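Residues per chain, in single letters:
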Amino acid sequence: MNKHVELPLIEPLYQTYHYQGPGTAIIGNNQSVRNWYLNQVMNLTCSKKFLTGFTTPQITIAGSSWSVNPYLDRYWLSSEFTNGYINPIIRQMLDKGFYVAFGRVDDFYIKGKSWYKERHFSHDGLICGYDQNDKTYCVYAYDSNWIYQKFWVSQKDFNAGRVAMRKKGIFSRFCGLKVKGDKIEFSPKIACQKIKEYLDSDLKKHPFDEEGNAYGLVVHEYIAEYVTKLYNGDIPYERMDRRVFRLIWEHKKAMLERIVCIEQCLNLTDEISEQYKSVVSDADMMRMLYASHHMKRRDSVLPIIKKKLLNLADKEKYLLTLLVDKAEKELENETVEVSQK
């Protein structure tokens, strides 16, 4: 067995949450899998529970979890059945090139992780290496400074977090992950269809007075309402969800990458992608304003963020509608040309 293993990571498409990052961070050996996300994974969604007392809108991108990526091999196991031999199993997986996703491990005991010595929290992350010389694991997760990155933690600390959960009757879970060899092509046709589904969304289809989740473009209006509740004090400042506008920013960055792919595949001009860059920069600005408010309370920035968010949604709707119209005309022309041959 090796003494030191460290598997490579690349910049992921989505990484607001631990369950998103690995889906594209571990695909260095087959980066075409990113095209599956660009083809399929773009629909914003949020819970409506914050309208009636919940403190987070649980905003995310539908289908962005590594657990539903069809191009990853997955091997699950529970610490309930490993008879104390989980560490050798983790090292064997890493030796064979498998990353190891974990869940139900208490952050409180793991120096370097986000809730170390602050809060008992059953958390997850990804193990991408080990070093038996100093008994450490290389972990990809949010660190104590709330930066999502790769860092080393003590195996002893990691085991303490796992054992603490076991004493509560909760067994940690592990999953070996490795990218498959399938080559995935970007499909402007599929991407445009998914963009149309994203745009086909408003308060008539997803009204505030119905339970469940909202999907698509209308999620911006729900987040605007969330910001209003923060401003009014309906949701306490201490309970604000710090991740909301990072997710929106990542969504816009991914959408820009998708737009560029559509333009290039269909030989369109870059007019729309150039204009969409301002949507990404506006989302980044909102992210920074929101983060500064989280660090030091400034309620005055919240109405500014809300206004920018709704303006951003209007501009995105205009640009994506224009893109789909142009792309579908080009796709139709290609179909006609093929049929005439």
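Bear in mind that the values here come from a model prediction, so they are computed numbers and not experimental data. (Residues numbered from 1 in each chain as written. Predicted model: local features only at pLDDT ≥ 70, side-chain atom pairs only at ≥ 80, totals over all residues. Heavy atoms only, no water.)

A. Here's a closer look at the packing of aromatic side chains. Enumeration according to the criterion identifies 17 aromatic pairs in this entry. Judged by centre distance (5.4 Å) and plane angle (80°), the rings of Phe108 and Tyr109 are edge-to-face. On the basis of relative accessible area, Phe108 is assigned to the buried category, the value being 18%. Put simply, the rings of Trp115, Phe121, Tyr140, Tyr142, Trp146 and Tyr148 touch in pairs and so form one group of aromatic residues. The ring of Trp146 has Arg242 sitting right over it, with the charged end atom 4.0 Å from the ring centre. Over the ring of Trp249 we find Lys253; its NZ or CZ atom is 4.0 Å from the centre of that ring. (Phe/Tyr/Trp six-rings, centres within 6.5 Å; stacked < 30°, edge-to-face > 60°. Buried < 20%, exposed > 50% of the residue type's maximum accessible area, 1.4 Å probe, protein only. Lys NZ or Arg CZ within 6 Å of the ring centre and 35° of its normal.)

B. Local environment of the packing of helix α6 (residues 219-232) against helix α7 (residues 244-265). Taken N-terminus to C-terminus, the directions of α6 and α7 make an angle of 155°; their axes are 12 Å apart at the nearest point. Relative to α7, the element α6 is oriented roughly antiparallel. In the packing of α6 onto α7, the handedness of the crossing is left-handed. Residues His220, Ile223, Tyr226 and Val227 of α6 form the contact with α7, whose own contacting residues are Val244, Phe245, Ile248 and Lys252. (Axes fitted to C-alpha atoms, helices over the stretch in contact; angles between N-to-C directions. Helix = DSSP H or I, 4+ residues; strand = E, 2+ residues; numbered from the N terminus. Parallel < 35°, antiparallel > 145°, perpendicular 65-115°, else oblique. Left-handed = near helix turned anticlockwise from the far one by under 90°. Contact = heavy atoms within 4.5 Å.)

C. View of the environment of Asn29. As for its position among the elements, Asn29 is in the loop between α1 (22-25) and α2 (34-40). Linking Asn29 and Tyr318, residues 289 residues apart in sequence, is a C-alpha distance of 37 Å.

D. How the structure looks around the side chain of Glu263. As for its position among the elements, Glu263 is in helix α7. Separated by 3.4 Å, the side chain of Glu263 and the backbone nitrogen of Ile272 make a polar contact. The residues touching Glu263, leaving out its near neighbours within four places in the chain, are Leu268, Thr269, Asp270, Glu271, Ile272 and Ser273. (Polar contact = N/O pair within 3.5 Å; in protein donor to acceptor, adjacent residues only side chain to side chain.)

E. Summary view of the side chain of Asp241. Looking at the secondary structure, you find Asp241 in the loop between α6 and α7. A residue is classified by how much of its surface remains accessible, and Asp241, at 5% relative accessible area, is buried. Looking at Asp241, its side chain comes within polar contact range of the side chain of Arg243, at 2.9 Å.

F. Structural detail: helix α4 (residues 155-167). For α4, which comprises 13 residues, the first-to-last C-alpha distance of 18 Å matches the rise-based estimate of 18 Å (1.5 Å per residue) to within 8%. When we look at burial in α4, the residues that qualify are Gln155, Phe158, Asn159, Gly161, Arg162, Ala164 and Met165. Contact partners of the buried residues in α4: α3 (86-95), β5 (99-106), β6 (122-131), β7 (136-142), β8 (148-154) and β9 (173-179). The opening residue of α4, the one whose side-chain oxygen lies 3.0 Å from the backbone nitrogen of Lys156, is Ser154. After α4 finishes, the residue Gly169 shows a positive phi value of roughly 85°. (Expected span 1.5 Å × (residues − 1).)

G. Up close: the sheet that holds strand β10 (residues 213-215). Strand order in the open sheet formed by three strands is β3-β2-β10, and the pairing between neighbours is antiparallel. This sheet does not close on itself; its edge strands, each paired only once, are β3 (60-61) and β10. Relative to β10, strand β2 (residues 44-47) runs antiparallel, the two sharing three bridges. The partner of Cys46 across the bridge, within β10, is Ala214. Lying on the sheet, α6 is in contact with β2 and β10; it crosses β2 at an angle near 40°. (Pairing = 2+ DSSP bridges.)

H. Representation of the nonpolar core in the model. Ile59, Ile195, Phe245, Ile262, Tyr276 and Leu320 are the most contacted members of the largest nonpolar core, which totals 64 residues. Those elements that provide at least two residues to this core are α2, β2, α5 (188-199), α6, α7, α8 (271-295) and α9 (301-340). Not counting the four nearest positions on each side in its chain, Tyr276 is found in contact with Lys252, Met255, Leu256, Ile259, Glu316, Leu319 and Leu320. Formed by 38 residues, the second largest nonpolar core is a distinct cluster that contains Met93, Val105, Val139 and Phe158. (Core = buried A, V, L, I, M, F, W, Y, C linked by side-chain atoms within 4.5 Å.)

Such coordinate-based values are descriptive only and should not be taken to indicate function.
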